[in-house]
Amino acid sequence: MFPALESKDALRNVSHAYSLDHQQEEQLFKDIHEVCFQSCHAALHFSLLAGFQQHLAKFICGVEQHMADFICVLSWQVFNRM
C-alpha cells in the first residue's frame, strides 16, 4: 500500500519508515525471546540447585545423626569400662 502511494507522489519515505519500524519491532521480539529463554534457563538452574541443596542438607543431617549415635555408643562403652 505505501509503495503504491509513494509512486503516485502522495507520500514520501513512508515505506522506508515502515520498514525501519518493522525491523525495530523484529529486533524487540528477538530481544524478548532471548530474555525469556535466559529466564527459563536460570529458573531451571535454580530449581536444580534447590533440589541439590535439599539432598545435600538431608545427607548432612544423616551424617550428623550417625556421628551423634556413634559418639553416644562410644561414650557408653567408655563409661561402662570405668
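Note that this is a predicted model, so its numbers are computed, not measured.

Right, let's get into the overall build of the chain. Within the chain, the regular secondary structure consists of 2 helices and 0 strands. Counting across all 82 residues of the chain, residues that qualify as buried make up 2%. If you sum the accessible surface of the chain, you get close to 7700 Å²; carbon and sulfur atoms cover 67% of it.

Now for the pattern of salt bridges. With the rule as written, the count across this model stands at 1 salt bridge. Salt-bridge contacts for Glu 26 lead to Lys 30; the nearest nitrogen and oxygen are separated by 3.8 Å. In this pair, Glu 26 and Lys 30 both sit in helix H2 (residues 14-81), 4 residues apart, roughly one turn of the helix. A relative accessible area of 39% places Glu 26 in the partly exposed class. Of the residues examined, Lys 30 reaches a relative accessible area of 47% and is grouped as partly exposed.

Below, the discussion takes up a nonpolar patch on the surface. A surface patch of nonpolar side chains, about 1000 Å² in accessible area, is lined by Leu 49, Phe 52, Leu 56, Phe 59, Ile 60, Val 63, Met 67, Phe 70, Ile 71, Leu 74 and Val 78. The residue Phe 52 is located in helix H2 in this model. The class of Phe 52 is exposed, set by a relative accessible area of 52%.

This part takes up the state of the cysteines. A complete count under the given rule lists 0 disulfides for this structure. A disulfide-free cysteine, Cys 36 has its sulfur positioned 6.6 Å from the sulfur of Cys 40, the nearest such atom.

Rules of the game
Residues numbered from 1 in each chain as written. Predicted model: local features only at pLDDT ≥ 70, side-chain atom pairs only at ≥ 80, totals over all residues. Heavy atoms only, no water. Helix = DSSP H or I, 4+ residues; strand = E, 2+ residues; numbered from the N terminus. Buried < 20%, exposed > 50% of the residue type's maximum accessible area, 1.4 Å probe, protein only. Areas by Shrake-Rupley, 256 points an atom, 1.4 Å probe, with all protein chains shown as cover. Salt bridge = Lys/Arg side-chain N within 4 Å of Asp/Glu carboxyl O. Patch = residues over 30% accessible without salt bridge, like charges linked within 9 Å, V, L, I, M, F, W, Y side chains within 5 Å. Disulfide = S-S within 2.5 Å.

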